[in-house]
Amino acid sequence: MAKSQNFNEMYVVEGDVDDVYQNVLTVLTSFSGTTGYQVNGIRPSAIILTRKYRPTWVWVVAILGLVFFLIGLLALFYSVNETVTINLRANKKTTQIDIGGMGNAEILTVFNSAIANYKRAERP
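Read on for an overview of the structure. (Residues numbered from 1 in each chain as written. Predicted model: local features only at pLDDT ≥ 70, side-chain atom pairs only at ≥ 80, totals over all residues. Heavy atoms only, no water.)

1. Quick word on the pairing of strand β4 (residues 80–91)
Here is step 1: Strand direction decides the pairing type here: strand β3 (residues 46–53) and β4, joined by 8 bridges, are antiparallel. Within β4, the residue paired with I48 across the bridge is T85.
Here is step 2: Linking two consecutive strands that pair antiparallel, namely β4 and strand β5 (residues 94–104), is a turn of 2 residues; a positive phi of about 55° is found at K92 within it. (Pairing = 2+ DSSP bridges. Helix = DSSP H or I, 4+ residues; strand = E, 2+ residues; numbered from the N terminus.)

The following block contains the structure:
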């Protein structure tokens, strides 16, 4: 599993905010099964992605703990929740996109593929 990191990115692309929003939502939804993220919150100007998983060390502790003590199964109660928020805002003929939260680099790659067809614009 890819390592999680905090990130806060800003992009400005040329295009209508509704068009950019629909394109980003479509791409993220189609890749949600492979990245492990679920599209949980959809608002007119924001998309919220979440992912819940158990790190590798949890499984190691649970298996070793099961072999030696049943208390190792308590490790299975631990899980990591990641949330990525994408906010879109219209600026004249451009769309400003803020993406931030805790996630892995894979979700940024998918997001960049969603906006690849849009020309980058100057930041406001």
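2. Here's the deal with a nonpolar patch on the surface
Here is step 1: A contiguous nonpolar patch, built from W59, V60, I63, L64, V67, F68, F69, I71, L74 and F77 and spanning about 1,200 Å² of accessible area, is present on the exposed surface.
Here is step 2: Following the sequence through the fold, I71 ends up in the loop between α2 (56–68) and β4.
Here is step 3: For I71, a relative accessible area of 60% translates into the label exposed. (Patch = residues over 30% accessible without salt bridge, like charges linked within 9 Å, V, L, I, M, F, W, Y side chains within 5 Å. Areas by Shrake-Rupley, 256 points an atom, 1.4 Å probe, with all protein chains shown as cover. Salt bridge = Lys/Arg side-chain N within 4 Å of Asp/Glu carboxyl O. Buried < 20%, exposed > 50% of the residue type's maximum accessible area, 1.4 Å probe, protein only.)

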